[in-house]
Amino acid sequence: MPDGVAASVLEDRIERHGATPLLGVDGQLLGAVLPAHEEDDTLTGQVLLENLACKATAALALRHLLARPGAVATEKVRYVISCGEEAVGDRYQRGGGNLAKAVAEWAGCTRATGSDVKAFCCGPMHSLMIAGALVQSGLYDDVVVLAGGSLAKLGMKFQGHVKHAMPIVEDVLAGFAAHVGRDDGASPMLRLDAVGRHEVASGSAPLAVVKALYTEPLARVGLTLLDVDRFSLELHNPEATEPAGSGNVPLNNYRTLASLAVIEKLIERDGIEAFVRTRGMPGFSPTQGHIASAIPYLGHALRGLTDGGLTRTMFTGKGSLFLGRMTQLSDGVSLIVERNPRRSNGGRAWSFEARR
């Protein structure tokens with residue numbers, strides 16, 4: 001907390017350099033983020049603060065992952081993929097990126113390299129797929145997929161909350177990190193032979209989308225929707241989305257999926273709610289795009305597949321590519337994570353393996 005002299009200096013810099021002030025909950029001036037260039041809009045204090053928030057939350061998640069008992073050794077992490085929604089760069093390449101390398105440095109992964117994968121909310125699923133392919137190919141034995149929170153989306157639905165005289169519930173920056181490694185005979189498996197893809201030709205009709213992401217990849221390996229114990233979709237917390245007029249996103253998506261099961265004659269129409277109840281889950285994630293898109297259930301799934309009663313889970317991420325105003329297409333990738341058939345004892349509920 002700055003003293004009177006320091007606070008005066010900060011206020012002067014904020015006024016002269018257009019710095020972004022950092023205020024405490026009581027409005028007291030705690031610090032400031034200076035712009036890195038006077039004319040570059042991508043290096044203003046506000047943008048640098050957004051970049052730093054994403055880096056810090058991703059690095060914290062990675063440090064927690066590496067600190068777990070039995071975790072992969074820091075020096076064995078050879079590749080890091082960041083799938084957040086930031087666009088680190090400057091005026092000459094506004095989203096040049098590689099926040100992954102910066103996070104790896106901050107977490108002490110000195111032997112790692114890495115890159116960023118950008119696909120809006122679908123980024124985590126693309127990244128897990130790529131990580132699995134890197135491990136399965138033998139190029140790397142240990143890959144980490146991570147993302148930090150989006151400061152730009154903090155309080156994103158605030159207007160609906162204020163309108164209904166309720167607290168602004170989107171008051172958290174989330175991050176995650178997941179380790180993908182070689183098969184240890186116990187940890188859950190990432191199925192690379194059953195990747196679901198929303199292709200350019202898939203179209204945007206809801207039924208076409210769910211068929212591309214569920215029916216086709218499951219049929220490819222001789223499975224149906226009923227062979228999946230739990231589906232993880234967009235897990236936005238309805239407490240944040242309903243007051244803002246966006247509805248209960250997870251519930252609506254699970255009902256769409258259950259309707260597909262009806263069309264495929266796997267269940268009767270009166271079994272839709274039972275399908276949703278037994279194979280879905282309530283939304284519980286901050287509505288920060290990539291953070292809410294399927295990935296929040298990963299830790300729970302790994303525990304269930306290792307020590308619980310789950311046999312197979314399916315993760316689906318969807319992305320709103322039209323937000324960049326470059327296309328009207330959406331995006332989607334689905335992945336199956338299942339119990340290791342060679343599992344005998346133990347297993348790591350924080351890690352999973354890649355196989356084909």
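Relevant structure appears above.
How each quantity is defined
- Residues numbered from 1 in each chain as written.
- Predicted model: local features only at pLDDT ≥ 70, side-chain atom pairs only at ≥ 80, totals over all residues.
- Heavy atoms only, no water.
- Buried < 20%, exposed > 50% of the residue type's maximum accessible area, 1.4 Å probe, protein only.
- Helix = DSSP H or I, 4+ residues; strand = E, 2+ residues; numbered from the N terminus.
- Arc of directions from axis to C-beta.
- Contact = heavy atoms within 4.5 Å.
- Pairing = 2+ DSSP bridges.
- Disulfide = S-S within 2.5 Å.
- Core = buried A, V, L, I, M, F, W, Y, C linked by side-chain atoms within 4.5 Å.
- Domains from an automatic or database assignment.
- Salt bridge = Lys/Arg side-chain N within 4 Å of Asp/Glu carboxyl O.

Enquirer: Teacher, can you tell me more about helix α9 (residues 272-279) here?
Expert: The periodicity of an α-helix, 3.6 residues per turn, causes residues three or four positions apart to be oriented the same way. Among the residues of α9, those classed as buried are I272, F275, V276 and R279. For α9, the angular spread of the buried residues around the axis is 100°, confining them to a single face. For α9, the secondary structure elements touched by its buried residues are β8 (230-232) and α8 (249-263).

Enquirer: Teacher, can you tell me more about the pairing of strand β6 (residues 176-181) here?
Expert: If a strand is regular, its side chains alternate between the two faces of the sheet. Of all 6 residues making up β6, 5 are buried, and the element is well covered by its neighbours. Examined bridge by bridge, strand β5 (residues 142-147) and β6 share 6 bridges and lie antiparallel to one another. Looking at the pairing, V143 lines up with V180 of β6.

Enquirer: What am I meant to see in helix α3 (residues 99-106) here?
Expert: Restricting attention to buried positions, one finds in α3 the residues L99, A100, V103 and A104. Within α3, the buried residues cover an arc of 140° as seen down the axis, which keeps them to one side. The inward-facing, buried residues of α3 abut α2 (45-67), β3 (79-82), β4 (113-116) and β5. A positive backbone phi angle near 85° is found at G108, which sits one or two residues after α3.

Enquirer: Is there a simple way to think about the state of the cysteines in this case?
Expert: Each disulfide consists of a covalent bond between the sulfur atoms of two cysteine residues. Under the defined criterion, the tally for this structure stands at 0 disulfides. With no disulfide of its own, C109 lies closest to C83 among cysteine sulfurs, the gap being 16 Å. With relative accessibility at 3%, the residue C109 sits in the buried group. As a non-bridged cysteine, C122 has C121 as the owner of its nearest cysteine sulfur, 8.5 Å distant.

Enquirer: In this structure, what is going on with the nonpolar core? I would like to understand it.
Expert: The tendency in soluble globular proteins is for nonpolar side chains to be buried side by side. If you look at the biggest cluster of nonpolar residues, it comprises 60 residues, and the most contacted ones within it are M125, Y214, L225 and F231. The leading source of residues in this core is α8, at 6 residues. Residue contributions to this core reach at least three from each of two domains, namely domain 1 (41-181) and domain 2 (189-338). In contact with L225, other than residues within four places in its own chain, are Y214, L218, F231, L257, L260, A261, E264, L266, F275 and R279. Formed by 18 residues, the second largest nonpolar core is a distinct cluster that contains L66, V72, V80 and V103.

Enquirer: Hey, could you run me through the pattern of salt bridges in this one?
Expert: Under the defined criterion, the tally for this structure stands at 8 salt bridges. The partner of K118 in a salt bridge is E86, and the shortest N-O contact between them spans 2.4 Å. In this pair, K118 sits in the loop between β4 and α4 (123-137) while E86 sits in the loop between β3 and α3, placing the two residues 32 residues apart along the sequence. With a relative accessible area of 10%, E86 lands in the buried category. Each of R191, D193, R312 and E338 takes part in one network of salt bridges that share partners.

Note that every value here comes from positions in space, so none of it alone points to a role or purpose.
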